[in-house]
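Topology and contacts: notes
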Amino acid sequence: MTLDKHELQGIGRIERRTMPRSEFETLLADHGYYRTGSAPANGGRLKVWYGHATHDPIESIHSGDGRIVITAYHPGPQP
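Time to look at the overall build of the protein. If you tally the helices and strands in the protein, you get 1 helix and 7 strands. Listing the helices and strands of the protein from first to last along the sequence gives β-β-β-α-β-β-β-β. Radius of gyration (C-alpha) of the protein: 11 Å, near the 12 Å computed for a compact globule of 79 residues. Along the first, second and third principal axes, the C-alpha set of the protein runs to 30 × 30 × 20 Å. Here the protein, with 79 residues, has 34% of them falling under the buried criterion.

And the structure:
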């Protein structure tokens, strides 16, 4: 999993493999996304969700301390 593997609606493809959380959240906020929640994820990591008024939600995986964003993607329809 790396940040540069997915294209995000309204943002495009991020060209870096990882990114500091503060920089990532500023990028998302600048494009109208807002944080909606978080929960523990596999491997001691942190899962964080972001919403948007017109684009699909984003799900991201952060390092265990929450300081580095490892990947982000649109999860698609939920069952």
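Next comes the rest of the description.
On to the nonpolar core. Membership of the largest hydrophobic core is limited to 12 residues, which are L3, L8, I14, M19, F24, L28, Y33, V48, Y50, I58, V69 and A72. Sorting the residues of this core by element identifies helix 1 (21-30), strand 5 (46-51) and strand 7 (68-73) as the ones contributing at least two each.

The next subject is the environment of T71. Within the secondary structure layout, T71 lies in strand 7. By relative accessible area, T71 is classed as buried at 1%. It is 14 Å that separates the C-alpha atoms of T71 and I11, two residues lying 60 residues apart in sequence. A polar side-chain atom of T71 sits 3.3 Å from the main-chain carbonyl oxygen of T2.

Cut-offs used in this document
- All residue numbers refer to positions counted from 1 along the written sequence of the respective chain.
- Note on the predicted model: pLDDT of at least 70 is required for a residue's local features to be given, and 80 or more for side-chain atom pairs to be given and counted; whole-chain, interface and lining totals, by contrast, use all residues.
- Water and hydrogen atoms play no part in the side-chain values, which are based on all heavy atoms of the structure.
- Elements are defined by DSSP. Helices are runs of H or I of four residues or more, strands are runs of E of two residues or more, and each kind is numbered from the N terminus.
- Radius of gyration here is computed from C-alpha atoms only, and the compact-globule reference equals 2.2 Å multiplied by the residue count raised to the power 0.38.
- The rule is simple: take the accessible area with a 1.4 Å probe, protein chains only, and divide by the maximum for that residue type; under 20% is buried, over 50% is exposed, in between is partly exposed.
- Buried Ala, Val, Leu, Ile, Met, Phe, Trp, Tyr and Cys residues that are joined via side-chain atoms within 4.5 Å together make up what is termed a nonpolar core.
- Any pair of nitrogen or oxygen atoms within 3.5 Å is treated as a polar contact; in protein, a donor-acceptor pairing is required on top of that, and neighbouring residues in sequence qualify only through side-chain atoms on both sides.

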